[in-house]
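# Descriptive analysis of the structure
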Amino acid sequence: MIVYEPGDWWKALWHFHKSKTLWVLLGRVALVGLYVAAVAVAQLHYFQFEFEVEREYFSFLGILLSLLLVFRTNTAYDRYYEGRRQWGSLISACRNLAAILGAALPAEAAGHRVFYARMLSNFALALEGHLRENVEYDKLEQVEGVTPEALRDADHLPTKLATLLQASYERLHDAGELQPVHLLQLQPYHGTLLDAASACERIRSTPIPFSYSFFIKGFITVFILMLPFVLLDTYGYFTIPIVLIGAYALLGLELIGEEIENPFRKQSNDLPLTQLANRIRVSVHEALGVDLPGYKKALADLPYTIVH
Amino acid sequence: MIVYEPGDWWKALWHFHKSKTLWVLLGRVALVGLYVAAVAVAQLHYFQFEFEVEREYFSFLGILLSLLLVFRTNTAYDRYYEGRRQWGSLISACRNLAAILGAALPAEAAGHRVFYARMLSNFALALEGHLRENVEYDKLEQVEGVTPEALRDADHLPTKLATLLQASYERLHDAGELQPVHLLQLQPYHGTLLDAASACERIRSTPIPFSYSFFIKGFITVFILMLPFVLLDTYGYFTIPIVLIGAYALLGLELIGEEIENPFRKQSNDLPLTQLANRIRVSVHEALGVDLPGYKKALADLPYTIVH
Amino acid sequence: MIVYEPGDWWKALWHFHKSKTLWVLLGRVALVGLYVAAVAVAQLHYFQFEFEVEREYFSFLGILLSLLLVFRTNTAYDRYYEGRRQWGSLISACRNLAAILGAALPAEAAGHRVFYARMLSNFALALEGHLRENVEYDKLEQVEGVTPEALRDADHLPTKLATLLQASYERLHDAGELQPVHLLQLQPYHGTLLDAASACERIRSTPIPFSYSFFIKGFITVFILMLPFVLLDTYGYFTIPIVLIGAYALLGLELIGEEIENPFRKQSNDLPLTQLANRIRVSVHEALGVDLPGYKKALADLPYTIVH
Amino acid sequence: MIVYEPGDWWKALWHFHKSKTLWVLLGRVALVGLYVAAVAVAQLHYFQFEFEVEREYFSFLGILLSLLLVFRTNTAYDRYYEGRRQWGSLISACRNLAAILGAALPAEAAGHRVFYARMLSNFALALEGHLRENVEYDKLEQVEGVTPEALRDADHLPTKLATLLQASYERLHDAGELQPVHLLQLQPYHGTLLDAASACERIRSTPIPFSYSFFIKGFITVFILMLPFVLLDTYGYFTIPIVLIGAYALLGLELIGEEIENPFRKQSNDLPLTQLANRIRVSVHEALGVDLPGYKKALADLPYTIVH
Amino acid sequence: MIVYEPGDWWKALWHFHKSKTLWVLLGRVALVGLYVAAVAVAQLHYFQFEFEVEREYFSFLGILLSLLLVFRTNTAYDRYYEGRRQWGSLISACRNLAAILGAALPAEAAGHRVFYARMLSNFALALEGHLRENVEYDKLEQVEGVTPEALRDADHLPTKLATLLQASYERLHDAGELQPVHLLQLQPYHGTLLDAASACERIRSTPIPFSYSFFIKGFITVFILMLPFVLLDTYGYFTIPIVLIGAYALLGLELIGEEIENPFRKQSNDLPLTQLANRIRVSVHEALGVDLPGYKKALADLPYTIVH
């Protein structure tokens, strides 16, 4: 994710080169440029075929395409933002769990406190890795009784961790260290851990339906292929830059839609999951009164302009 | 459901032939082509009737139709996505139920664990079959005390299974194996099973109102029938490909709307319910510590490009 | 509600005559036709007044009107669909209530089981009647201790039934047949009964604000009155069919908006409340283990194309 | 609120004079008429300045303005409808509270029943007054132990009443008349009272941001000031009625947006809060088994066409 | 936040100078003016290059841009309004917490009452400071046992305060002053404190994705740079005011989007967080029966037209 100041146009320009999406867009627009140039040369120098063009119709097709693309981009943005919302509710749930456990456990139960501070941190870190299909088991906090090997064998890592947490509450309850009221206080927040994980998996694994996506791509392709023929007789060689502007707009919207539809990758427009997981780690350690080394705290507030 | 990589236009092209919707669309566009060709030949060769055409008005009608279709497609997409969301919350609820039961039941209560792992798996498999009006009773997990025959006679299979689960919690509670606090922990997630089932039935059984659907179909038909007359005097035989592009856009949107409005069938744009049910089976077995044969685990992550 | 297959255009055509809305629409379009014909004859034969027409402006007005109507129709559809959603959550709540009571009550408490199966069925049937302002007291299930007369006198029937149910839980609790944990399990689903009732009443009693509705009607009227003058000089008598197409689109959208805004009537585009209430009856009887006569079960899945 | 039948255009016309908004709109449109007439006379008789006009550009500006206004109106409608939804959930919460208290309190505790019937009624009446900045303390029901004077001094009346209710549950709990399970049943519905109050205050006190509102007003003003110059050379004196139609559309949308954005006043497009509060009074009295005089019941279903 | 009366156009004009956003907009529009003037002089006096211009195409681009901007502004408005909604639920949660504690704590426990009144007030004040990155520790209420120094060292101030509150409930529970039922009543509202804090942080820290924002800025820039060339041959020097109107509309929408996307600053279009925090302070003191000095009460209802 590129951290930027929305109001500053010049800095935005300066960050431009960091966005891979924008480079891909430039590449596609360049391809269109080659095509338009070829059509223009062929038509103006060789064929000189006479078109009569009725532009209202193309304007109507263009507006239909615009509507489709704007809605499609908005849908993609909703998914991007829902991804962030789910991580927001994960952050809140972890803080609430830590606060309840911090209050319910006796001050001297340092071992339990460390256990929960690390397990909750690990849940966030593991979910980040799970969504990015690259769990870094070595970076997880070491937790007594939960070996990295046991986690590696899990069919579904977040479920495994949530199950271990749930079992621990029950053990403390059986041992009389947590009372029934605490279990009831904990449950809704604990349930949110798996709710957020399922929701993020849903966002990652459910693109817009194939035929819808194909339909839009086909429509854009046909429309751009047609454009030079519609404009050539009026503009001559000026057709080239003019079509490029349209191609920039249409291809750009499509590309941004694709890009932000899955917000869990590590590209420049994706959500900073690593940073969010680190923020959860800082907060749960604080709420449980467990120390966290300064260099780990620092990961929660990176000064870089690109965060993951 | 076709699994695809949104950013890759060439592969999308390659998957094209797998999408039944797109073939139906091609068929309808071809029909329009025949009609336009007939009108063009008749007009240009025989009648040579002079039209004066005012295109602003058709442009306005076209934009109104575009707005209608884009909104209608968006509504259909919302239903598609709500279907997925409901299954997402079903997945999460099943995992939470399994985690709570896994923690609350004593480790040695292997029979109970197997019972819940299978019953929860069956709920998902049965809901999938129920929504597709084809429950495969033989593929359900065998559960002690619940014969397939009893399920076959149920008026409403998901309700039946949820009722059996609810009764089992109560039995364990009466036997002292679950405490009141566990019932309270379980209830919200258990309730979600039937909530998701009702919501999916709602999506399946409530299309957009008949007169709305008819109105849109009528509008598209009239608009496309009119189009060649509006364009013939400018384009001559070029009218044919030009109208086809418009027909592709309008009929395509309508068709995709119809297709994704009911996302529970087994076509290429529908949700992979079977796979999702298999994921639930893997997760609940893991959370309850019950073994699941490898070939059943494999069903949760099929490498095929089309999954059901 | 007309049950139809969205993908089938020919059957849709066949169902056409059953939709009262579409007949009303035809009537209004015919009225517009008379008006346009009169204007056309007057202008072309008698006045022959010369207009110079600037169509961009009318195109802009037409697009503004299109936007308004499409948004208005979407709002109306949201209400239609929210009505269905509320009934979906009512169905789910009734099933959950029946499942909890079925599990908590001892198997031999046949009287209580019958009481709840009938009371929950009656709640759904009574809500249907209440929303349609025509409660059929005779069709309610007979419940011990609740005479139809007592229900007839109720100020607000759904509240009355929910109150009776709530009192019955409490009585069983006092008698030791339900434990506190059961009351807590039941409460959220029981509360949903009145939530759904209030939400449906809200949808029924809150149309879009009067001045908004009047504003749209006024705008459409003025726009259609103006249309022939804008088109006459280009099209002559062809103006008549061309205006009719526009009138079909604009009046149709308005009409469909009005129609589906209140989805609780018994017209062909309204929700099949009777059928949904019958489905609730089947499910709660099954979940409580109470027999229901076959002819009542059959009402839940009518094979007709029009269901209420 | 004007109660009307959406399908009836003639009655709508008849109700027209009752809507203050529509009169204000007519006034503004008349002002625009004076301006256009002045411009037309000046230009056609005195200056005869030659414009060359390019209308595509104005059409684009007009569509941008249309989009803005339609979205703005939709946002305003969402607030109107959310206001209604909040009152709907208030109604439901009050009914549920009354049902729970009616079941939990012994039948002979007539004093408590009267207390709750009146306190819940007062909460609704007071919230209505609070939102309209005009609490009619004398019209509140008389409650033992809660003098009107104490209420007059409250910093925030709804909070005060909710606090008194909460304290009363606790008192009954301490006295053994309510059990812990009842407190847990009551709490979510009781919490909804303040949730609805806060949400309504939010709707009332948060208009769309000033610069957004100003921006739209400025855009409309400039656009309408420009319109006669764009149309004069084509239409001559016909410009006047033609601009008026556009002004009606644009100013009307803006005005309706402003009007329904705050739905808690007593104008003809506002929500009938008084009536809704009276409905709550009827329902809670019924659910608690407390008599309510007939004339108070009648206030819940006024036969007037304008209700507050 | 500027407090204004939506219906009053003249006062809105008068408030104009107070809105920094509108001044920035004027500055940008002026820059565009210089550019257009330069282009106009260069073209009309020196180059006199002949363009042939096809405006349908620019109209289509303009409509695409309009759709993008209107959707983008709406998204920004949704965030503005969600920020307000979160503070609304914070207000409601604080009032409910205070009401429950006020009812559960014995009347003579004045110390506890003061503790909660101040801690809840501080949570709101601290969250306001935290969101504006400027916590005024000195303005927080003094709470026994919680020194400003301890708060200054917190990694995350709202979590710290919520943790302290949670611990205090538990302490009172251990001391027998609160019963388990009270903990269960308190928990959902207490959890809302951190939910609202996380949601507000999400809104503040997640702008729309960089490439989307850059794409829109790039599109506007290219479009406005092109505009004079499209209009010059028709309008000559009139091009200057005409382009300015378009620039006002496009740049204005972009600017307002940026402005209201982050509603937690102290500018004239931001939410009055200070005032809302003061309202919470007044309400929780009242609900807990703790006196609050008049000058602090007054901060909740400032008579100024600009509130923070």
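Please read all numbers here as calculations on a predicted model, not as lab measurements. (Residues numbered from 1 in each chain as written. Chains lettered and ligands numbered in written order. Predicted model: local features only at pLDDT ≥ 70, side-chain atom pairs only at ≥ 80, totals over all residues. Heavy atoms only, no water.)

## Focus on the overall build of chain A
Scanning chain A from N- to C-terminus turns up 11 helices and zero strands. Taken from the N to the C terminus, the helices and strands of chain A come in the order α-α-α-α-α-α-α-α-α-α-α. Classification of the 308 residues of chain A by burial places 65% in the buried group. Sequence separation of 24 or more characterises 76% of the internal contacts of chain A that already satisfy a separation of 6 or more. Total accessible area on chain A stands at roughly 11000 Å², and carbon and sulfur atoms take up 60% of it. (Helix = DSSP H or I, 4+ residues; strand = E, 2+ residues; numbered from the N terminus. Buried < 20%, exposed > 50% of the residue type's maximum accessible area, 1.4 Å probe, protein only. Contact = heavy atoms within 4.5 Å. Areas by Shrake-Rupley, 256 points an atom, 1.4 Å probe, with all protein chains shown as cover.)

## Structural notes on unusual backbone geometry
Positive phi outside glycine occurs at glutamate 133 of chain A, with the angle close to 55 degrees. Exposure remark for glutamate 133 of chain A: the relative accessible area of 67% places this residue in the exposed category.

## Things to note about the side chain of serine 66 of chain C
Its location among the elements puts serine 66 of chain C in helix α3 (residues 55–104). Of the residues examined, serine 66 of chain C reaches a relative accessible area of 0% and is grouped as buried. In contact with serine 66 of chain C, not counting residues within four places along its chain, are Phe60, Leu64 and Leu67 of chain B.

## Description of the relation of the copies chain E and chain A
Between chain E and chain A, the superposition needs a rotation of 72 degrees and an axial shift of 0.0 Å, giving an RMSD of 0.0 Å. Here the transformation between the copies is reduced to the relation of a five-fold axis. An overlap of only 8% is found between the interface residues of chain E and their copies at the interface of chain A, pointing to separate contact surfaces. (Least-squares fit on C-alpha atoms with pLDDT ≥ 70 in both.)

## Examining the side chain of asparagine 74 of chain A
Inspection of the secondary structure puts asparagine 74 of chain A in helix α3 (residues 55–104). If we skip the residues at most four places from it in the chain, asparagine 74 of chain A touches Phe71, Thr75 and Tyr212 of chain E.

## Here's the deal with helix α10 (residues 273–288) of chain B
Every α-helix carries 3.6 residues per turn, so stepping three or four residues along brings you back to the same face. All names here are of chain B. Its 16 residues place the ends of α10 22 Å apart at the C-alpha level, agreeing with the 22 Å of an ideal helix rising 1.5 Å per residue. Here α10 lies mainly inside the structure; 14 of its 16 residues are buried. Downstream of α10 by a residue or two, glycine 289 has a phi angle that is positive, lying close to 70 degrees. (Expected span 1.5 Å × (residues − 1).)

## A few points about the interface of chain E and chain A
Across the contact, 64 residues belong to chain E and 71 residues belong to chain A. Both faces combined, the contact of chain E with chain A buries some 6100 Å², and carbon together with sulfur accounts for 67% of it. Our enumeration of links across chain E and chain A arrives at two salt bridges. Between lysine 297 of chain A and aspartate 155 of chain E there is a salt bridge, with the nearest N and O atoms lying 3.2 Å from each other. Breaking the side of chain E that touches chain A down by element, the ones donating at least two residues are α3 (55–104), α6 (157–174), α7 (180–205), α8 (210–235) and α9 (239–261) of chain E. A per-element tally of the side of chain E that touches chain A places α7 of chain E first, with 14 residues. Classifying every residue of the side of chain E that touches chain A gives 31 nonpolar, 16 polar and 17 charged. (Buried area = accessible area lost by both parts, 1.4 Å probe. Salt bridge = Lys/Arg side-chain N within 4 Å of Asp/Glu carboxyl O. Nonpolar A, V, L, I, M, F, W, Y, C, P; charged D, E, K, R; others polar.)

## Considerations on the environment of phenylalanine 264 of chain A
Residue and element names in this part refer to chain A. Mapped onto the elements, phenylalanine 264 comes out in the loop between α9 (239–261) and α10 (273–288). Separated by 136 residues in the primary sequence, phenylalanine 264 and glutamate 128 have C-alpha atoms spaced 8.2 Å apart. If sequence neighbours within four positions are ignored, phenylalanine 264 has contacts with Gly83, Trp87, Leu131, Arg132, Cys200, Ile203, Arg204, Asp270, Leu271 and Leu273.

## A look at the UniProt feature "transmembrane region" (unreviewed entry) in chain A
As recorded in UniProt, the sites labelled "transmembrane region" (unreviewed entry) are residues 21–45, 57–77, 212–231 and 237–256 of chain A. In the segment residues 21–45 of chain A, helix accounts for 100% and strand for 0%; the C-alpha atoms at its two ends are 36 Å apart. (UniProt positions renumbered as here; feature names shortened; annotations may be inferred.)

## Some words on the environment of arginine 79 of chain E
Inspection of the secondary structure assignment puts arginine 79 of chain E in helix α3. Those residues in contact with arginine 79 of chain E that lie beyond four places of it in its chain are Tyr77 and Tyr81 of chain A together with Ile203, Thr206, Pro207, Ile208, Glu261 and Pro263 of chain E.

## A short note on a nonpolar patch on the surface
Residue and element names in this part refer to chain A. Taken together, the side chains of Val41, Tyr46, Phe47 and Tyr237 present a nonpolar region at the surface, about 480 Å² in accessible area. Within the fold, tyrosine 237 resides in the loop between α8 (210–235) and α9. Residue classification places tyrosine 237 among the partly exposed residues on the basis of a relative accessible area of 41%. (Patch = residues over 30% accessible without salt bridge, like charges linked within 9 Å, V, L, I, M, F, W, Y side chains within 5 Å.)

## Quick notes on helix α6 (residues 157–174) of chain A
The end-to-end C-alpha distance of α6 of chain A is 26 Å, a good match for the 26 Å that 18 residues give at a rise of 1.5 Å each. Once α6 of chain A finishes, glycine 176 of chain A follows within two positions and takes phi at roughly 80 degrees, a positive value.

## Some words on the pattern of salt bridges
Enumeration according to the criterion identifies 71 salt bridges over all chains in this entry. With a shortest N-O distance of 3.6 Å, glutamate 254 of chain C and arginine 72 of chain C are connected by a salt bridge. Of this pair, glutamate 254 of chain C sits in helix α9 (residues 239–261) while arginine 72 of chain C sits in helix α3, placing them 182 residues apart in sequence. Note on accessibility: glutamate 254 of chain C and arginine 72 of chain C belong to one class, buried. Each of Arg72, Lys217, Glu254, Glu258 and Glu261 of chain B takes part in salt bridges that share partners, so that together they form one network.

## Remarks on the packing of helix α2 (residues 20–47) of chain B against helix α8 (residues 210–235) of chain B
Residue and element names in this part refer to chain B. Interhelical geometry of α2 versus α8 gives an angle of 40 degrees and a closest axis separation of 10 Å. On the basis of the axis angle, α2 is oblique to α8. Classified by chirality, the crossing of α8 by α2 is right-handed. Mapping the contact onto sequence places Val32, Tyr35, Val36, Val39, Ala40, Gln43 and Leu44 in α2 and Ile224, Leu225, Pro228, Phe229 and Leu232 in α8. For the contact of α2 with α8, a count of residues per class yields 11 nonpolar, one polar and no charged. (Axes fitted to C-alpha atoms, helices over the stretch in contact; angles between N-to-C directions. Parallel < 35°, antiparallel > 145°, perpendicular 65-115°, else oblique. Left-handed = near helix turned anticlockwise from the far one by under 90°.)

## A word on the nonpolar core
Ranked by internal contacts, the top residues of the largest apolar core, which has 520 residues, are Trp87 of chain A, Trp87 of chain B, Trp87 of chain C, Trp87 of chain D together with Trp87 of chain E. Residues within four places of tryptophan 87 of chain E in sequence aside, it is in contact with Ala124, Leu127, Glu128, Leu131, Cys200, Phe264, Leu273, Leu276, Ala277 and Ile280 of chain E. (Core = buried A, V, L, I, M, F, W, Y, C linked by side-chain atoms within 4.5 Å.)

## Some details on the packing of aromatic side chains
As enumerated under the stated definition, the model contains 55 aromatic pairs over all chains in all. Taking the centre distance of 5.6 Å and the plane angle of 65 degrees together, the rings of phenylalanine 60 of chain C and phenylalanine 223 of chain D count as edge-to-face. Of this pair, phenylalanine 60 of chain C sits in helix α3 while phenylalanine 223 of chain D sits in helix α8 (residues 210–235), placing the two residues on different chains. Taking the relative accessible area as the measure of exposure, phenylalanine 60 of chain C reaches 3% and is therefore buried. Since its relative accessible area comes to 3%, phenylalanine 223 of chain D is described here as buried. Centroid distance tyrosine 116 of chain D to tyrosine 169 of chain D: 5.9 Å. Interplanar angle 20 degrees. Geometry classified as stacked. Residue tyrosine 116 of chain D is located in helix α4 (residues 110–131), and its partner tyrosine 169 of chain D is located in helix α6 (residues 157–174); the two are separated by 53 residues in the primary sequence. Here tyrosine 116 of chain D matches tyrosine 169 of chain D in class, with each residue buried. (Phe/Tyr/Trp six-rings, centres within 6.5 Å; stacked < 30°, edge-to-face > 60°.)

## Considering the packing of helix α4 (residues 110–131) of chain B against helix α6 (residues 157–174) of chain B
All names here are of chain B. Running from N to C, α4 and α6 point in directions that differ by 165 degrees, and their axes come no closer than 9 Å. By the angle between their directions, the pair α4 and α6 is classed as roughly antiparallel. Note that α4 runs across α6; the crossing there is left-handed. Along the contact surface, α4 presents His112, Phe115, Tyr116, Met119, Leu120, Asn122, Phe123, Ala126, Leu127 and His130, while α6 presents Leu157, Pro158, Leu161, Ala162, Leu164, Leu165, Ser168, Tyr169 and Leu172.

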